[in-house]
Amino acid sequence: MSSKPFLHPATLVAVSFVLAGFLGLSPILHGGENAENPVLWADVPDISIVRVGDTYYMSSTTMHLSPGLPVMKSKNLVDWDIASYAYDVLEDNDALCLRNGKNAYGAGTWASSIRHHDGTFYVSTFAGTTGKTYVFSSKDPDKGDWHRAEFRPMMHDHSLFFDDDGRVYMLYGATDLRLTELQPDLSGIKPGGFDDIVVRKAGRAAGSGKGDWAEGSQLFKIDGKYYLCNICWPKNDMRTQLIHRADKITGPYEGRVMLHDRGIAQGGLIDTPDGRWYAYLFQDSGAVGRIPYLVPLKWEDGWPVLGEDGKVPMKLDIPKQHAGLGNLVASDEFDRSAGDNRHENFPPAWQWNHQPDDRFWSLSDRPGWLRLTAGRVDAHLLEARNSLGQRTFGPSSSATTRLDVSGMKDGDYAGIAAFQRHYGFVGVKKTDGKYSVIMVNTKENDQPNEVTAIPWEGDLIHLKIDCDFANLKDEARFFWSENGEDWKEIGSPVKMRYTLPHFMGYRFTLFHFATKTPGGFTDFDYYRVR
């Protein structure tokens, strides 16, 4: 086992200092330095926010990853930490578990809605993979313990809404937006309750000839009026934020454009305890994913008016409390004393690619190391179960790991990947009893392409990936080292590309898989992110 000379990363101090340098901030903030947009330069899409007293809670989309549906917490709308996940396992089916040739890439659960009502938090979502709508409830998101309800049909891009008269609804759909009343306990649709389209051809709020399509709805009641936020994407134009307003929840609604700037769109409205207002939205930002922005707003004639002359400001009037991404990213020495319980014993930054098979990973087989074992044979990385990852982040980020490959079998591969559909990785393969250090990327047909293979002898090796997202460069470079200090670049840089079939920003991902015989394993000594 290594001496592990680095500071334990649980405090994230090192990560915060380096990231602060990337962002041009002082690494030690004293409450006087204001935040900047994007508030999180990482893949945190489809955000929904609620304020309870002086604390904000935010849910987001992580689709096919497990655990899923993160609920985050903040005191200032810019410094966020993951409080818990709404579910550990969505459903045990082939697609969500990468079994029998099926997968849920780009699927799983999509846009969520978070609400607080009568002392209970609710976070709801839907999944095309199962055809269901899900509602999770908890008295305390910090402790988790989310109670689950589910029903059909799947309500696309819905907004959960508790009205003042005690009735509860979901508004959902695309183009024609439907309002459906739910049972008081949110267990399903209320028989005989309201159920009708309340906004037809919602995209027409963008103007004549812009099209009918709109989705991503979030519904609010402010000063007695109902405000419905959603987006459209007119042809040959950018993602555009819309707002509809009505005196009654059932309409009629009138709509207009709320923001048309750099494609920053989709989200809702939030106020602060001292009466300020913001819109929270996100932007498609290339390979790093969809990144959140916070936009100050003022009210004019009962309408929210965003930004400065219709533009999103890069500097915000909110003091930032710490540099970095909180616990959304985290180094890990795997040195905790823990049983094999993934929900309790992994920092929240980690998520598995699909639901893992818990028989084939361990923190206890070799204390201080993460062991990944091949439980089956797979053709390539996209099929490999029990791959464990975290978000990449911008404008630049780097991840390193150390492997002990002495447990590998012939045909096994292990390493670290910049993971999306068009991935690249640096790793080790074992062939005819011999090891090679390799760099692999994918061709247009999604098949792996071995760019470089270097014969290598030994059991221990350090691997590294550097990602550059500045100015949409979206480039990953790959390195290896025998001592963790003298790095040698291998292969060629990968031009990272955000693809809709995966619908997710790139992730640093640790993996081991077999192409011939199951049962081999790799031990990972650490994961360090900068």
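Definitions and limits used
Residues numbered from 1 in each chain as written. Predicted model: local features only at pLDDT ≥ 70, side-chain atom pairs only at ≥ 80, totals over all residues. Heavy atoms only, no water. Helix = DSSP H or I, 4+ residues; strand = E, 2+ residues; numbered from the N terminus. Buried < 20%, exposed > 50% of the residue type's maximum accessible area, 1.4 Å probe, protein only. Contact = heavy atoms within 4.5 Å. Areas by Shrake-Rupley, 256 points an atom, 1.4 Å probe, with all protein chains shown as cover. Lys, Arg positive; Asp, Glu negative; His and termini not counted. Charge placed at Lys NZ, Arg CZ, Asp CG, Glu CD. Polar contact = N/O pair within 3.5 Å; in protein donor to acceptor, adjacent residues only side chain to side chain. Pairing = 2+ DSSP bridges. Axes fitted to C-alpha atoms, helices over the stretch in contact; angles between N-to-C directions. Core = buried A, V, L, I, M, F, W, Y, C linked by side-chain atoms within 4.5 Å.

### Concerning the overall build of the protein chain
Turning to step 1, where the next piece is worked out: Along the protein chain, the regular secondary structure elements total two helices and 38 strands.
Turning to step 2, where the next piece is worked out: C-alpha extents for the protein chain along the principal axes are approximately 75 × 50 × 45 Å.
Turning to step 3, where the next piece is worked out: Of all 530 residues assigned to the protein chain, the portion counted as buried reaches 58%.
Turning to step 4, where the next piece is worked out: By sequence separation, contacts in the protein chain at least 24 residues apart represent 58% of the contacts at least 6 residues apart.
Turning to step 5, where the next piece is worked out: Entry remark: accessible area of the protein chain is about 20,300 Å², with carbon and sulfur atoms responsible for 48%.
Turning to step 6, where the next piece is worked out: Mean positive and mean negative side-chain charge positions of the protein chain (58 and 69 charges, respectively) differ by 3 Å.

### Quick look at the side chain of His-462
Turning to step 1, where the next piece is worked out: Tracing the sequence through the fold places His-462 in strand 33 (residues 460-468).
Turning to step 2, where the next piece is worked out: Of note is the side chain of His-462, whose polar atom sits 2.8 Å from the side chain of Tyr-526.
Turning to step 3, where the next piece is worked out: Among residues more than four places away in sequence, those in contact with His-462 are Thr-401, Arg-402, Phe-479, Trp-480, Ser-481, Glu-482, Asn-483, Gly-484, Trp-487 and Tyr-526.

### Regarding the sheet that holds strand 24 (residues 351-353)
Turning to step 1, where the next piece is worked out: The strand order across the open sheet formed by eight strands is 4-24-27-37-29-30-31-32, and the pairing between neighbours is antiparallel. The open sheet terminates on both sides in strands that have one partner only, identified here as strand 4 (65-66) and strand 32 (448-456).
Turning to step 2, where the next piece is worked out: Inspection of the sheet shows strand 27 (residues 388-391) paired to strand 37 (residues 507-514) by four bridges, in the antiparallel sense. Of the residues in strand 37, the one forming a bridge with Arg-391 is Arg-507.

### Concerning the pairing of strand 21 (residues 290-300)
Turning to step 1, where the next piece is worked out: Where strand 20 (residues 277-284) lies against strand 21, eight bridges are found, and the strand directions are antiparallel. Bridge pairing links Leu-281 to Tyr-293 in strand 21.
Turning to step 2, where the next piece is worked out: From the end of strand 20 to the start of strand 21, which pair antiparallel, there are five residues, and Gly-286 there has a positive phi angle of about 65°.
Turning to step 3, where the next piece is worked out: Two elements, strand 21 and strand 22 (residues 303-306), share four bridges in a ladder whose sense is antiparallel. Considered in strand 22, the bridge of Leu-297 is made with Leu-306.
Turning to step 4, where the next piece is worked out: Once strand 21 ends, the chain turns through two residues before running back antiparallel as strand 22, passing Asp-301 with a positive phi of about 55°.

### Observations concerning the sheet that holds strand 19 (residues 265-271)
Turning to step 1, where the next piece is worked out: Ordered in space as 19-20-21-22, the four strands form an open sheet in which the pairing is antiparallel. With partners counted over all chains shown, the strands left at the sheet margins are strand 19 and strand 22, one partner each. Each adjacent strand pair in this sheet contributes to an overall mean axis angle of 35°, direction not counted.
Turning to step 2, where the next piece is worked out: With five bridges joining them, strand 19 and strand 20 adopt antiparallel strand pairing. Among the inter-strand pairings, Leu-269 is bridged to a residue of strand 20, identified as Ala-279.

### Remarks on the environment of Ala-174
Turning to step 1, where the next piece is worked out: The topology assignment puts Ala-174 in the loop between strand 12 (168-172) and strand 13 (177-181).
Turning to step 2, where the next piece is worked out: On a C-alpha basis, the gap between Ala-174 and His-117 in space is 26 Å, while along the polypeptide they are 57 residues apart.
Turning to step 3, where the next piece is worked out: Once residues within four sequence positions are removed from consideration, Ala-174 is found in contact with His-156, Trp-213, Ala-214 and Glu-215.

### With respect to the nonpolar core
Turning to step 1, where the next piece is worked out: If you look at the biggest cluster of nonpolar residues, it comprises 85 residues, and the most contacted ones within it are Leu-294, Leu-370, Ile-465, Met-496 and Tyr-527.
Turning to step 2, where the next piece is worked out: Excluding anything up to four places from it in sequence, Leu-370 contacts Phe-334, Phe-346, Trp-361, Ser-362, Leu-363, Leu-388, Leu-510, Thr-522, Asp-523 and Phe-524.

### A look at the environment of Gly-263
Turning to step 1, where the next piece is worked out: Structurally, Gly-263 is set in the loop between strand 18 (254-259) and strand 19.
Turning to step 2, where the next piece is worked out: A C-alpha to C-alpha distance of 8.4 Å links Gly-263 and Gln-241, two positions 22 residues apart in sequence.
Turning to step 3, where the next piece is worked out: Residues contacting Gly-263, with those up to four places away along its chain left out, are Met-238, Arg-239, Phe-282 and Gln-283.

### Some thoughts on the side chain of Ser-66
Turning to step 1, where the next piece is worked out: In this structure, Ser-66 sits in strand 4.
Turning to step 2, where the next piece is worked out: Of the residues examined, Ser-66 reaches a relative accessible area of 1% and is grouped as buried.
Turning to step 3, where the next piece is worked out: For Ser-66, the side chain forms a polar contact with the main-chain oxygen of Asp-88, separated by 2.7 Å.

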